[in-house]
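# Structural features, examined
Each chain, written out:
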Amino acid sequence: MGRIFVVELEGKAYRCKFCKTQLALADDLVSRAFHCRRGKAYLFNNAVNITVGPQEERLMLSGMHTVTDIFCCCCGQIVGWKYEAAHEKSQKYKEGKFVLERGRILDGVDSEFFIDTHLSDTEDP
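Keep in mind that this is a model prediction, so the values were computed, not measured.

On the basis of which strands lie adjacent, the open sheet formed by six strands has the order 3-4-8-7-6-5 and antiparallel pairing. One side of each edge strand has no neighbouring strand; the edge strands of this open sheet are strand 3 (29-36) and strand 5 (50-60). Across the sheet, the axes of successive neighbouring strands diverge by a mean angle of 30°, strand direction being ignored. Strand direction decides the pairing type here: strand 7 (residues 78-86) and strand 8 (residues 98-101), joined by three bridges, are antiparallel. In the sheet register, Gly80 faces strand 8, and the bridge partner there is Leu100.

Applying the stated criterion across every chain, the model contains three aromatic pairs. Ring plane angle 70° and centroid distance 5.2 Å describe the contact between Tyr14 and Phe44, whose orientation is recorded as edge-to-face. Taken as a pair, Tyr14 in strand 1 (residues 13-16) and Phe44 in strand 4 (residues 39-44) lie far apart in primary sequence, 30 residues in all. By relative accessible area, which is 0% here, Tyr14 ends up buried. Measuring from ring centre to ring centre gives 6.2 Å for Trp81 and Tyr83, while their planes differ by 80°; the resulting arrangement is edge-to-face. The two residues Trp81 and Tyr83 agree in class, both being buried. Ring-pair connections join several aromatic residues into one group, and the members of that group are Tyr14, Tyr42 and Phe44. Its guanidinium or amino end placed over the ring of Tyr42, Arg32 lies 5.3 Å from that ring's centre, counting from NZ or CZ.

Let's shift gears to the nonpolar core. With 14 residues, the main nonpolar core has Leu23, Phe44, Ile50, Ile70, Val79, Leu100 and Ile105 as its most contacted residues. For this core, the secondary-structure elements that each account for two or more residues are strand 1, strand 2 (22-25), strand 4, strand 6 (63-72) and strand 8. Those residues in contact with Leu100 that lie beyond four places of it in its chain are Leu23, Ala24, Ala41, Tyr42, Phe44, Ile70, Val79, Gly80 and Ile105. In this structure, Leu43, Val67, Trp81 and Tyr83 belong to the second largest nonpolar core, which totals nine residues.

Calculation rules
- Residues numbered from 1 in each chain as written.
- Predicted model: local features only at pLDDT ≥ 70, side-chain atom pairs only at ≥ 80, totals over all residues.
- Heavy atoms only, no water.
- Pairing = 2+ DSSP bridges.
- Helix = DSSP H or I, 4+ residues; strand = E, 2+ residues; numbered from the N terminus.
- Axes fitted to C-alpha atoms, helices over the stretch in contact; angles between N-to-C directions.
- Phe/Tyr/Trp six-rings, centres within 6.5 Å; stacked < 30°, edge-to-face > 60°.
- Buried < 20%, exposed > 50% of the residue type's maximum accessible area, 1.4 Å probe, protein only.
- Lys NZ or Arg CZ within 6 Å of the ring centre and 35° of its normal.
- Core = buried A, V, L, I, M, F, W, Y, C linked by side-chain atoms within 4.5 Å.
- Contact = heavy atoms within 4.5 Å.

The structure is reproduced here in structure tokens:
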């Protein structure tokens, strides 16, 4: 196996849940309204630090698509899929885009900005 080169993203990024490798920028997020067999999923314009599997025809809730599964390049875990082709005209916008499964990524976006909304028991007058 050759050397693995990892792309470092600048900005808020989603990471692989298993090895913390950056996968996509929050700025590339298109939709949070996607679903997969294991739960919620997010649609992105771009993804990095991935490898792709073979193309296959897959029947999804929105119709037939040609997709490739995508894997984290560092740990090899499946993290989602890429839409290669959509067979229905209304679904063409998905072509070339990436879906990351919510349960397989860490949301570095929200967790970096935790705001404690609880009042403390001791307040200075």
